[in-house]
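Chain residues, written in single-letter form:
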Amino acid sequence: MKGLYCLLSESAEDVKFVIQETEPPPAVSDHYVKVQIKACALSPLDTKLLADLKLQKDVVPVGREIAGVVLEVGPKVTFFQPDEEVVGILPLDVEVSGLCDVVLVQEHHLVPKPEKVSWVEAAGTIRDGVRSYTALHVLSRITAGNTVLVLDGASPFGTIAVQLAHHRGAKVLSTALCLEDMHHLEQLRPTVVRVINMSDGKADLVESCLEETGGLGVDIVIDAGVRLYSTEDESTSKKLLPHKHDIITLLAVGGHWVTTEENLQLDPPDSRSLFLKGATVSFLNDEVWNMSSAHQGKYLHIMKDVIEKLSSGIFRPQLDNPVPLYEATVSMEMVQKKQVRKRHVIQL
């Protein structure tokens, strides 16, 4: 049985992906389900997070967003029966790759997949859907009438976040990093109120947002990384990111800033500005659902809701063409280096 694995070297940044043989799964026990994998989506591997959680090993399984068919269930399983179609996210401490033919997974990491949803769509949407729910519902408590700014709204996560915000009755603004992204965002229905093109350096993010909101500012900002300070020799991708001061300036009174910047540094003037606005800063780490069983019910409810919205057409994900297993190493290297703009899914 083959699977995709990551070989870690001395430096956590220098990683190598290989397809290698692995042991067949053991017999099912208690709350475990044996699933035959049909599709598995690829996401960047966060080696730093694994190290922080003491989960880092020399060989790390790759591919955790899975969709497949239940082959066998343990004696204490209550949610599933054999031959049912399921989708889910394998836990951080999983021992096998999601690209193996068959995996053993606890029933509390899976939800049913409707027949009308394809394997590729299910696996390719589940993580971005959970991230969007975490950002908009759990961290920023979105309500109808809010103004939401989704930075880099044409990314796989950004696209789902824009669609979820629209569904909740929010007014959505977004930024585009190139003309192709701009066309993608302009074609979304319901329409994005304003697409701010950051690629040519002419658009002023703060000015555009304040103009669109009558000077009141934006209720919710979901970033895709921020610049903490300005330097002359910044890379092009860094220059396209907004400065932290810009985000604080465009926030409305009582606004929520949801950030993916794990090393965010706020100086006393930044904190003072946020204090005067009564604004909040939240860190978006969708792995928290797997780190504690306290919110397991809420996590399953979110995953079920994501798949229902995919089934009803509310979510229309940004997916690349399905990739065969023998091309998985090349795909994963591109995903790890953030060289892809659409979600890559391996079809088995």
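What counts and what doesn't
- Residues numbered from 1 in each chain as written.
- Predicted model: local features only at pLDDT ≥ 70, side-chain atom pairs only at ≥ 80, totals over all residues.
- Heavy atoms only, no water.
- Pairing = 2+ DSSP bridges.
- Helix = DSSP H or I, 4+ residues; strand = E, 2+ residues; numbered from the N terminus.
- Axes fitted to C-alpha atoms, helices over the stretch in contact; angles between N-to-C directions.
- Core = buried A, V, L, I, M, F, W, Y, C linked by side-chain atoms within 4.5 Å.
- Buried < 20%, exposed > 50% of the residue type's maximum accessible area, 1.4 Å probe, protein only.
- Contact = heavy atoms within 4.5 Å.
- Phe/Tyr/Trp six-rings, centres within 6.5 Å; stacked < 30°, edge-to-face > 60°.
- Disulfide = S-S within 2.5 Å.
- Parallel < 35°, antiparallel > 145°, perpendicular 65-115°, else oblique.
- Left-handed = near helix turned anticlockwise from the far one by under 90°.
- Expected span 1.5 Å × (residues − 1).
- Salt bridge = Lys/Arg side-chain N within 4 Å of Asp/Glu carboxyl O.

Caption draft 1: Structural view of the sheet that holds strand β14 (residues 280-283). The six strands lie next to each other as β11-β10-β9-β12-β13-β14, forming an open sheet whose pairing is parallel. This sheet does not close on itself; its edge strands, each paired only once, are β11 (194-197) and β14. In this sheet, neighbouring strand axes are inclined to one another by 15° on average, regardless of whether the strands run parallel or antiparallel. Relative to strand β13 (residues 251-259), strand β12 (residues 218-222) is paired through four bridges, and the arrangement is parallel. Each bridged residue has a counterpart across the sheet, and for V218 the counterpart in β13 is L251.

Caption draft 2: Main features of the nonpolar core. Ranked by internal contacts, the top residues of the largest apolar core, which has 50 residues, are L136, V148 and M303. When residues of this core are assigned to their parent elements, the largest contribution, nine residues, is made by helix α2 (residues 119-139). Once you skip the residues sitting within four places of it in the chain, M303 turns out to touch G88, I89, H109, L110, V111, I126 and V130. Listed in part, the 35 residues of the second largest apolar core include L4, L8, I37 and L49.

Caption draft 3: Representation of the sheet that holds strand β4 (residues 59-61) in the model. Here we have three strands laid out as an open sheet, ordered β2-β1-β4, and antiparallel in their pairing. Whereas interior strands pair on both sides, the edge strands pair on one side only; in this sheet they are β2 (15-21) and β4. Along the sheet, successive strands turn relative to each other by an average axial angle of 40°, direction set aside. Two strands pair when backbone bridges link them, and strand β1 (residues 2-8) and β2 are joined in this way by seven bridges, in the antiparallel orientation. Within β2, the residue paired with L8 across the bridge is V15.

Caption draft 4: Expanded view of the packing of aromatic side chains. What the rule picks out here adds up to two aromatic pairs. With a centroid separation of 6.3 Å and 80° between ring planes, the pair formed by F79 and F80 is classed as edge-to-face. Overall, the relative accessible area of 44% leaves F79 in the partly exposed class. You can call F80 buried: its relative accessible area is 2%. Between W289 and Y299 the ring centres are 6.0 Å apart and the planes differ by 10°, which places this aromatic pair in the stacked class. You can see W289 sitting in helix α9 (residues 288-291) and its partner Y299 sitting in helix α10 (residues 296-311), a full ten residues away along the chain. Of the residues examined, W289 reaches a relative accessible area of 5% and is grouped as buried. Given a relative accessible area of 1%, Y299 falls into the buried group.

Caption draft 5: How the structure looks around the state of the cysteines. Counted according to the given criterion, the structure contains zero disulfides. The closest cysteine sulfur to the non-disulfide-bonded C40 is located on C100, 9.4 Å from its own sulfur. A relative accessible area of 0% means that C40 is categorised as buried. Using a relative accessible area of 0% as the deciding quantity, one classes C100 as buried.

Caption draft 6: How the structure looks around the packing of α2 against helix α3 (residues 156-167). Between α2 and α3, the shortest axis-to-axis distance is 9 Å and the interhelical angle comes to 55°. Considering the angle they form, α2 stands oblique to α3. Between α2 and α3 the crossing geometry is right-handed. Facing α2, whose interface residues are T125, D128, G129, R131, S132, Y133, L136 and H137, α3 presents P156, F157, I160, A161, L164 and A165.

Caption draft 7: Highlighting α3. In a regular helix each residue adds 1.5 Å, so twelve residues correspond to 16 Å; α3 covers 17 Å between its end C-alpha atoms and thus fits that length. Here α3 lies mainly inside the structure; eleven of its twelve residues are buried. The complete set of buried residues in α3 reads P156, F157, G158, T159, I160, A161, V162, Q163, L164, A165 and H166. Those residues of α3 that are buried are in contact with α2, β9 (147-150), β10 (171-176), α4 (179-186), β12 and α10. Positive backbone phi, at 85°, marks G169, one or two positions downstream of α3.

Caption draft 8: Seen up close, the pattern of salt bridges. This structure, assessed with the given rule, holds 15 salt bridges. Salt bridges here are not isolated pairs; linked through shared partners, they connect R64, E65, R127, R131, D286 and E287.

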